[in-house]
There are 2 protein chains.
Amino acid sequence: MNNSSSSRIEAELEALIASASPGSRLPSTRELTARHAVSPVTVQAALRSLAARGLIETRPGVGAFVSPDRAVAPRDYSWQTGVLGATGALTAETSAALRPTRTDAISLHSGYPDRTLLPERLVRSALTRAGRSDSALERPESAGSTALRAWFASELASQTPAHLTAPNAQDVLILPGSQLGLGVLFRNIAGPGGTLLIESPTYWGAILAARQVGVTLVPVPSGPDGPDLVALEQAFVETGARAFYAQPNFANPTGAQWSPATSARVLDIVQEHRAFLIEDDWAHDFGITTDAMPLATRDDSGHVVYLRSLTKSISPSIRVAAVIARGPLRYRLLANLQAQSMYVSGLLQAAALDVVTQPAWRTHQRSVRKQLRARRDLLIDAVSTHVPDATISAIPPGGLNLWVQVPDIVDLGQLTKDAEARGLVIANGDEWFPAEPAGRHLRLNFAGPDPAAYERAAILLHKSLAAQRDL
Amino acid sequence: MNNSSSSRIEAELEALIASASPGSRLPSTRELTARHAVSPVTVQAALRSLAARGLIETRPGVGAFVSPDRAVAPRDYSWQTGVLGATGALTAETSAALRPTRTDAISLHSGYPDRTLLPERLVRSALTRAGRSDSALERPESAGSTALRAWFASELASQTPAHLTAPNAQDVLILPGSQLGLGVLFRNIAGPGGTLLIESPTYWGAILAARQVGVTLVPVPSGPDGPDLVALEQAFVETGARAFYAQPNFANPTGAQWSPATSARVLDIVQEHRAFLIEDDWAHDFGITTDAMPLATRDDSGHVVYLRSLTKSISPSIRVAAVIARGPLRYRLLANLQAQSMYVSGLLQAAALDVVTQPAWRTHQRSVRKQLRARRDLLIDAVSTHVPDATISAIPPGGLNLWVQVPDIVDLGQLTKDAEARGLVIANGDEWFPAEPAGRHLRLNFAGPDPAAYERAAILLHKSLAAQRDL
């Protein structure tokens, strides 16, 4: 069932229906199957959707027809408006990083690695095995499968020095994706109305989760070497905050990795202020020239809460992540996760563990590292050569993105629209700032489709920038 | 990867380690594999977990040994206590309905249907197909796959009378399980500090979700015919609440189904008070003598918000549910779901749709209905015959449970413990009351393992009750 094909066919048929007379006949399933090079199931999904929406009627064995009577009076739901009250900070708009990839444009906006960078063979065989196992039909414990929890613990334990107590399986809770983990952590550590220190710029999904919880975000400027330590210390003193959210390894969007000295100092500051460091190790599997060195391996005092997802590196369909927390917090989180999601699909847990324990997983990781390096360098070359107005302040040692600064006079909204009209989709850097943006930036993803198009992308970006200068 | 086998082996080895001297050798993987009749992978998962917990050391090619130095000094995390503050109403205790089924006892406590009642063949073949499809590697839209959304809409549309506008795919949002949906609905409709009317007794997971959100629950007594309409009206007037949470079809725990007259009157009351009815159609697939008749098919004014899960009827591993909402609420929910979970695994969405669109799904449903009827009647017979102290006030026309009242003098905590000691696991009815329980009840699940044991279960229950009378 290919969702995007089915949506595409649905959209095309919708356009056809809009201009057709009521009762007229749609092309047959056979015609549509052939035209779109998809399976009959996909075509039927589109027809089913159109039928559910009342746009067509299907007569089995005869065909599909434009509904004779499809002018449904629009309903008035305005009574809800007063009941629901003010909207808060959330809207249903989709972030640039989540927008579907256009096939007719060069896409540098996505937050996800292209399918060619995923371990497709491993994923498919793991899913086949999991589908045959008991995990397909049994309910795992709320905290997660013991074996998968042990794997997450052992990953950190292998990097933990001998004088510290390494985390164990009991400290691990499995999550249906790290986004839910962000919300649960922010709610239970900072709480609605509470304060959270946060790197700036940082992951837009974390900013979104904090807004939903109703946490006040206090930005701490963060550059290629990590957060400004003076600002961090000051923010703790001034706000009395009890937590700092950060991505110490290959931060989104900058790709920055903290130096060991910075990491040690941040741990000191956090401990001094009896606070938590919420460490989001989102790019653990995306080291390019160095490996991720989680701060969680340097703390056994319960100050670091560690969040790690497998979704981005294994497959978007394997929604499995883990939070590692020690002390009373762990119980607090477990109670809240149970109330929020009960448990994570055992099938997905089994498949995830299967993938990461195969020898081929290491081989795949080495290959991804090489590809990311080549893609990163290609994009840097292209931008440096063709976009004189763009500044790359640091070469990311890991992650999926290049963080590019453009002149302050640039209107980013106009720029992204203009670039899209020319066939290039890029992400407006403003989304990564928890408060006012410090300068005009673009996030260019080098893990998307078709790296061969980077040069053309850079030329289109230059043209779009030049168009603004000419105004 | 069988989680429960692996946990079992781990528990057994842990006991062995506790009594063994440091450095001594564990049984070989081959011995353990044979003893537990499991695969080497399962044994290795147990060993890996023990190693991650520091209890054993594995030396590749040699074997596993009890750690020479496993007395790790317990760490003090008490600094967290002040930072985290009061706990709220949540604890990490596991509800009776979620506790793992003991293999050596008769289990009438679970909230999930036994594996023999699941469409195992359909699930496995759907997972195989999904694992080969694009859904295994692609990211679906946040709202869910169009085809699956259309299916959920068409299910309601097929029961919607012609004079009402039926819901369409655009009104549907796919969820990673209905528990997350309960939290999102309660948060956005009632809100922290807000008021929610709720049937009493009702689903413990809904009570838990409401507590997590910080909603004040106002119980409305509900019996075999549905809620007390006078009490419902009065509660709306007195509290100014904007929502009522209910399970109109085969309510958990009573199995009650509202009459058409009650349904119509509840809709009137809800509309009069400009309020939402949060309709949890959890047992849509578990009709026994009647079919589910959702109130959502009787409303097109946006007053009914409909929640429907496929997890219980398809498989615990297929964590897929849907919320159907119209009007501004739908946008509010979408924004919040995006912030909370981004999207639901496309693989699970594809597998769920595959199962429910197979002709064999209908055959399976008919077979489940027959089995549930036989199991229900068997349990009722056993309880009526052997437990004179138990009162069954209504025969449930659907659902998975029998709701049994016992004399007021019974100490339910003592009773469930005593029954468990005799080899019978039952659920203390207090968990299903949002406030003080109205009488002493037990929830007996007739969808668990081994219906042949119902007679023995009833005899054990009688003995446990009799033991209390004798005190």
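Above: the structure in question.
Worth saying up front: this structure is predicted, and the values here are computed from it rather than measured.

Undergrad: Teacher, can you tell me more about the relation of the copies chain A and chain B here?
TA: Superposition of the two copies of the chain requires a rotation about an axis and a shift along the axis. After a rotation of 180° and a shift along the axis of 0.0 Å, chain A superposes on chain B with an RMSD of 0.1 Å. Interpreted geometrically, this transformation is the action of a two-fold axis. No C-alpha of chain A lies nearer the rotation axis than that of Thr 128 of chain A, which sits 3.0 Å from it. Interface overlap between copies is the fraction of interface residues in one copy that are interface residues in the other; for chain A against chain B it reaches 100%, indicating a shared surface.

Undergrad: Sorry, what's going on with the sheet that holds strand 10 (residues 304-309) of chain B here?
TA: Strands pair in a sheet through their backbones, by hydrogen bonds, and they do so in one of two ways: parallel or antiparallel. All names here are of chain B. An order of 4-11-10-9-8-5-6-7 is seen for the eight strands of this open sheet, with the pairing classed as mixed. The two strands at the open ends of the sheet, each matched to only one other strand, are strand 4 (172-175) and strand 7 (226-227). Inspection of the sheet shows strand 9 (residues 276-280) paired to strand 10 by four bridges, in the parallel sense. Paired with Leu 277 across the strands is Val 304, a residue of strand 10. This element, helix 9 (residues 229-239), spans strand 5 (195-200), strand 6 (216-223), strand 7 and strand 8 (243-246) of the sheet and lies at about 165° to strand 6. Set on the sheet, helix 12 (residues 328-341) makes contact with strand 4, strand 9, strand 10 and strand 11 (321-324); between it and strand 4 the angle comes to about 25°.

Undergrad: Would you explain the interface of chain A and chain B in this entry?
TA: In this complex, chain A contributes 105 residues to the contact, which on the side of chain B involves 105 residues. A buried area of about 9,300 Å², summed over both sides, lies between chain A and chain B, and 56% of it is on carbon and sulfur atoms. It is Trp 79, Leu 137 and Met 342 of chain A that lose the most area in chain A upon contact with chain B, and together they represent 9% of the buried surface on that side. Our count for the chain A to chain B interface comes out at four salt bridges. Ionic pairing is found between Arg 115 of chain A and Asp 134 of chain B, a salt bridge with its closest N-O pair at 2.9 Å. Where chain A packs against chain B, one counts 40 residue pairs in polar contact (both at pLDDT 80 or more). Looking at the side of chain A that touches chain B, the element that brings in the most residues is helix 12 (residues 328-341) of chain A, giving 11 residues. Here the residues of the side of chain A that touches chain B sort into 45 nonpolar, 39 polar and 21 charged.

Undergrad: What exactly am I supposed to notice about the sheet that holds strand 15 (residues 427-428) of chain B here?
TA: Spatial strand order, 12-13-16-15 (chain B): four strands in an open sheet with antiparallel pairing. Sheet topology places strand 12 (391-392) and strand 15 of chain B at the edges, where each strand pairs with a single neighbour.

Undergrad: Just checking my understanding: could you explain helix 14 (residues 359-386) of chain B for this structure?
TA: Since the α-helix turns once every 3.6 residues, residues separated by three or four places project in the same direction. Relative to the 40 Å expected for 28 residues at 1.5 Å per residue, helix 14 of chain B spans 41 Å between its end C-alpha atoms, a close match to the ideal helical length. Listing the buried residues of helix 14 of chain B in full gives Trp 361, His 364, Gln 365, Val 368, Leu 372, Arg 375, Arg 376, Leu 379, Ile 380, Ala 382 and Val 383 of chain B.

Undergrad: Would you take a moment to explain the pairing of strand 11 of chain B for this structure?
TA: Looking down a regular strand, the side chains alternate between one sheet face and the other. Residues and elements named next belong to chain B. Of the two faces of strand 11, the one holding Ala 321 and Val 323 and the one holding Ala 322 and Ile 324 are both buried throughout. Pairing analysis gives four bridges linking strand 4 to strand 11, with the strands arranged antiparallel. Residue Val 172 lies in a different strand from strand 11, and its bridge partner there is Ile 324. With four bridges connecting them, strand 10 and strand 11 associate as antiparallel partners.

Undergrad: Even after reading the chapter, I still don't get the environment of Arg 369 of chain B, so can you show me in this structure?
TA: All names here are of chain B. Residue position: Arg 369 is located in helix 14. In this structure Arg 369 comes out as partly exposed when scored by relative accessible area, which is 27%. If we skip the residues at most four places from it in the chain, Arg 369 touches Gly 287, Ile 288, Thr 289, Thr 290 and Asp 291. Within the structure, Arg 369 has its side chain in polar contact with the backbone oxygen of Thr 290 (distance 3.4 Å).

Cut-offs used in this document
- Per-chain numbering applies: the sequence of each chain, read as written, is numbered from 1 onward.
- Here chains are named by letter from A upward and ligands by number from 1 upward, in the order in which they appear as written.
- Local features in this predicted model are restricted to residues whose pLDDT is 70 or higher, and side-chain atom pairs enter the listing and the counts only when it is 80 or higher, whereas totals over whole chains, interfaces and linings include all residues.
- Values shown for side chains rest on all heavy atoms present in the structure; no hydrogens or waters enter the calculation.
- Copies overlap after least-squares fitting; the atoms used are the C-alpha atoms of residues with pLDDT of at least 70 in both.
- Note on contacts: a residue pair qualifies if any of its non-hydrogen atoms lie within 4.5 Å across the two residues.
- Whether two strands pair comes down to DSSP finding at least two bridges between them.
- Numbering goes from the N terminus for both helices and strands, where a helix is a DSSP run of H or I of at least four residues and a strand is a run of E of at least two.
- To obtain each axis, a line is fitted to C-alpha atoms, and for helices this fit is confined to the stretch in contact; angles are then taken between N-to-C directions over 0 to 180 degrees.
- Accessible area, probed at 1.4 Å, shrinks when two parts are joined; the buried area is that loss added up over both.
- Each salt bridge in this description consists of a side-chain nitrogen of Lys or Arg and a carboxyl oxygen of Asp or Glu lying within 4 Å of one another.
- Here a polar contact is recorded for every N or O atom pair within 3.5 Å, except that within protein the pair must consist of a potential hydrogen donor and a potential acceptor, and residues adjacent in sequence are included only if both atoms are side-chain atoms.
- Amino acid classes used here: Ala, Val, Leu, Ile, Met, Phe, Trp, Tyr, Cys and Pro are nonpolar; Asp, Glu, Lys and Arg are charged; the rest, including Gly, are polar.
- Multiplying 1.5 Å by the residue count of a helix minus one yields the expected span of that helix.
- Exposure classes here rest on a 1.4 Å probe applied to the protein chains alone. A residue is buried below 20% of its type maximum, exposed above 50%, and partly exposed in between.

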